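Chain and residue survey
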Amino acid sequence: MSDTIFSKIVRREIPADIVYENDDVLAFRDLNPQAPVHVLFIPKRAVATLNDAIATDAELLGKLLLASAEYARQQGFAEQGYRTVINCNDDGGQTVFHLHVHLLAGRRMTWPPG
Ligand code: AMP
């Protein structure tokens, strides 16, 4: 896959407001937040889209979600609630082709999404 801005953030080539990191996952604040808390959880090993994930990526996908939940607990809004979103390709609204989980919190979410 081609390099993306998120891979550059993983390599610390461009700045980001990093809020969480473990061996496999990096998380940073979204530049254009859609909620009071809007953090992106990305795998350090890039996968372009959810369509490109294969069986051997299952653990990595799980780690992204577990990291999101751990961050929500650490920050104290887990019980109040939050939303996690993975956009895929055009209709899903994906703009950066390095798979990521959006974690949104701090306001009441609407459903269905727009
Ligand atoms: P998506 O549309 O699901 O691919 O989400 C990409 C997200 O990345 C958008 O919400 C952007 O605001 C966000 N974004 C793009 N570039 C950066 C950046 N350099 N730092 C932080 N967030 C970014």
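Note: the structure precedes this text.
First, a word on scope: everything that follows refers to the structure included in this document. (Residues numbered from 1 in each chain as written. Predicted model: local features only at pLDDT ≥ 70, side-chain atom pairs only at ≥ 80, totals over all residues. Heavy atoms only, no water.)

What follows deals with the overall build of the protein chain. In terms of regular secondary structure, the protein chain is built from three helices and five strands. Ordering the α and β elements of the protein chain from the N terminus gives α-β-β-β-α-β-α-β. For the C-alpha atoms alone, the extent of the protein chain along its principal axes is close to 35 × 30 × 30 Å. Expressed as a percentage of its 114 residues, the buried residues of the protein chain come to 38%. For the protein chain, contacts bridging at least 24 residues in sequence account for 52% of all contacts bridging at least 6. Averaging the coordinates of the 11 positive side-chain charges in the protein chain and doing the same for the 14 negative ones gives two points 5 Å apart. (Helix = DSSP H or I, 4+ residues; strand = E, 2+ residues; numbered from the N terminus. Buried < 20%, exposed > 50% of the residue type's maximum accessible area, 1.4 Å probe, protein only. Contact = heavy atoms within 4.5 Å. Lys, Arg positive; Asp, Glu negative; His and termini not counted. Charge placed at Lys NZ, Arg CZ, Asp CG, Glu CD.)

The next thing to look at is the pairing of strand β2 (residues 25-29). In regular strands, side chains alternate between the two faces of the sheet. Most of β2 sits inside the fold, with four of its five residues counted as buried. With three bridges connecting them, strand β1 (residues 18-21) and β2 associate as antiparallel partners. In the strand pairing of β2, Ile-18 is matched with Phe-28. Remark: three residues form the turn of the hairpin made by β1 and β2, two consecutive strands paired antiparallel. Of the pairings in the sheet, the one linking β2 to strand β3 (residues 37-43) comprises five bridges and is antiparallel in character. Bridge pairing in β3 places Arg-29 opposite Val-39. (Pairing = 2+ DSSP bridges.)

The next thing to look at is the site of the ligand. Taken together, 16 residues lie around the ligand, and Asp-30, Asn-87, Gly-93, Thr-95 and His-102 are the ones closest in. Measuring from an oxygen atom of the ligand, one finds a backbone N or O atom of Gly-93 at 2.9 Å. Measuring from an oxygen atom of the ligand, one finds a side-chain N or O atom of His-100 at 2.9 Å. Against a free-state accessible area of 510 Å², the protein chains account for coverage of 84% of the ligand. Of all elements in the fold, only α1 (5-10) and β2 reach the threshold of two or more residues within the shell around the ligand. Among the elements that take part in the shell around the ligand, α1 stands out by supplying three residues, more than any other. Residue composition of the shell around the ligand, by class: seven nonpolar, seven polar and two charged. (Near = heavy atom within 4 Å. Polar contact = N/O pair within 3.5 Å; in protein donor to acceptor, adjacent residues only side chain to side chain. Areas by Shrake-Rupley, 256 points an atom, 1.4 Å probe, with all protein chains shown as cover. Nonpolar A, V, L, I, M, F, W, Y, C, P; charged D, E, K, R; others polar.)

Attention shifts here to the sheet that holds β1. Taken in spatial order, the five strands of this open sheet run β1-β2-β3-β5-β4, and their pairing is antiparallel. The open sheet is flanked by β1 and β4 (83-85), the only strands paired with a single partner. On average, each strand axis in the sheet is inclined to that of its neighbour by 20 degrees, with strand direction left out of account. In this structure, β3 lies alongside strand β5 (residues 101-105), joined through five bridges in antiparallel fashion. Pairing of Phe-41 across the sheet is with Val-101, part of β5. Across the face of the sheet, helix α2 (residues 58-75) comes into contact with β1, β2, β3, β4 and β5 while running at roughly 150 degrees to β3. (Axes fitted to C-alpha atoms, helices over the stretch in contact; angles between N-to-C directions.)

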